[in-house]
Amino acid sequence: MITRLAPNTLRAVPEQYQGIYVHGTQVLAPKTLVCLSGQIGVSPEGETREGFEQQCFQAMSNVEALLADAGLDAADILRVVYYVTDAKFLPTLSNARQVRWNQGHAPAVTTLVVAGLAAPDLLVEIEVTAAR
């Protein structure tokens, strides 16, 4: 069972982020714990998607495929680290998270703006820890 950590001794999560962010998560004695390597916006055929939004949704699809392979789904995500190459992408990232992974039980989230990723055409990378 996943417990979302949001003590009243910390600043409350703003309403618009409550479905996609929580200060922390806890899981006691998981049967399955999965740590995914960072997923990028490259299709199963090896095609790098065009633009930030398409790369973001492809990376999310890649995460979902890996979770499914382990018998998990997006509801089991404990922690997500997003790496983006430009702060101008943050509103699009927030929207993608609202559309795709807003299931009423937010994961712990860290978002970093980085100088670059493994290849110059990559704009986002998503790293996930999940458990059930």
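Above this note sits the structure.
Predicted model, so just to flag it, every value in this text is computed and none were measured. (Residues numbered from 1 in each chain as written. Predicted model: local features only at pLDDT ≥ 70, side-chain atom pairs only at ≥ 80, totals over all residues. Heavy atoms only, no water.)

(A) The arrangement of the overall build of the chain in detail. Each helix and strand in the chain was counted, giving two helices and seven strands. Helices (α) and strands (β) of the chain occur, in sequence order from the N terminus, as β-β-β-β-α-β-α-β-β. Relative to a compact globule of 132 residues, whose C-alpha radius of gyration would be 14 Å, the chain shows 15 Å and is just as compact. With 132 residues in all, the chain has 36% of them scored as buried. (Helix = DSSP H or I, 4+ residues; strand = E, 2+ residues; numbered from the N terminus. Rg over C-alpha atoms; globule rule 2.2 N^0.38 Å. Buried < 20%, exposed > 50% of the residue type's maximum accessible area, 1.4 Å probe, protein only.)

(B) Here's a closer look at the pattern of salt bridges. With the rule as written, the count across this model stands at four salt bridges. The residue Arg100 makes a salt bridge to Glu64 at a minimum N-O spacing of 2.9 Å. Residue Arg100 is located in helix α2 (residues 90–100), and its partner Glu64 is located in helix α1 (residues 51–69); the two are separated by 36 residues in the primary sequence. The exposure class assigned to Glu64 is partly exposed, which follows from its relative accessible area of 25%. One salt bridge in this structure joins Asp76 and Arg132, with 2.5 Å as the shortest N-O distance. (Salt bridge = Lys/Arg side-chain N within 4 Å of Asp/Glu carboxyl O.)

(C) Region of interest: α1. If you check α1, its first and last C-alpha atoms are 27 Å apart, about what 19 residues at 1.5 Å a residue would give, namely 27 Å. Phe52, Gln55, Cys56, Gln58, Ala59, Met60, Asn62, Val63 and Leu67 are the residues of α1 that are buried. For α1, the elements touching its buried residues are β4 (39–40), β5 (77–84), α2 and β7 (124–131). (Expected span 1.5 Å × (residues − 1). Contact = heavy atoms within 4.5 Å.)

(D) Structural view of the packing of aromatic side chains. Applying the stated criterion across every chain, the model contains one aromatic pair. Geometrically, the ring pair formed by Phe52 and Phe89 is stacked, given 4.4 Å between the ring centres and 5° between the ring planes. Of this pair, Phe52 sits in helix α1 while Phe89 sits in the loop between β5 and α2, placing them 37 residues apart in sequence. Across this residue pair, the class does not change: Phe52 and Phe89 are buried. (Phe/Tyr/Trp six-rings, centres within 6.5 Å; stacked < 30°, edge-to-face > 60°.)

(E) The arrangement of the environment of Ala6 in detail. Position of Ala6 among the secondary structure elements: in the loop between β1 (2–5) and β2 (24–27). Separated by 107 residues in sequence, Ala6 and Val113 have C-alpha atoms that sit 25 Å apart.

(F) Spatial organisation of the packing of α1 against α2. Between α1 and α2, the shortest axis-to-axis distance is 10 Å and the interhelical angle comes to 40°. With respect to α2, the axis of α1 lies oblique. Viewed along their axes, α1 and α2 form a crossing whose handedness is right-handed. Contact residues: Phe52, Glu53, Cys56, Phe57, Met60, Ser61 and Glu64 in α1; Thr92, Leu93, Asn95, Ala96, Arg97, Val99 and Arg100 in α2. Tallied by class, the residues present in the contact of α1 with α2 amount to seven nonpolar, three polar and four charged. (Axes fitted to C-alpha atoms, helices over the stretch in contact; angles between N-to-C directions. Parallel < 35°, antiparallel > 145°, perpendicular 65-115°, else oblique. Left-handed = near helix turned anticlockwise from the far one by under 90°. Nonpolar A, V, L, I, M, F, W, Y, C, P; charged D, E, K, R; others polar.)

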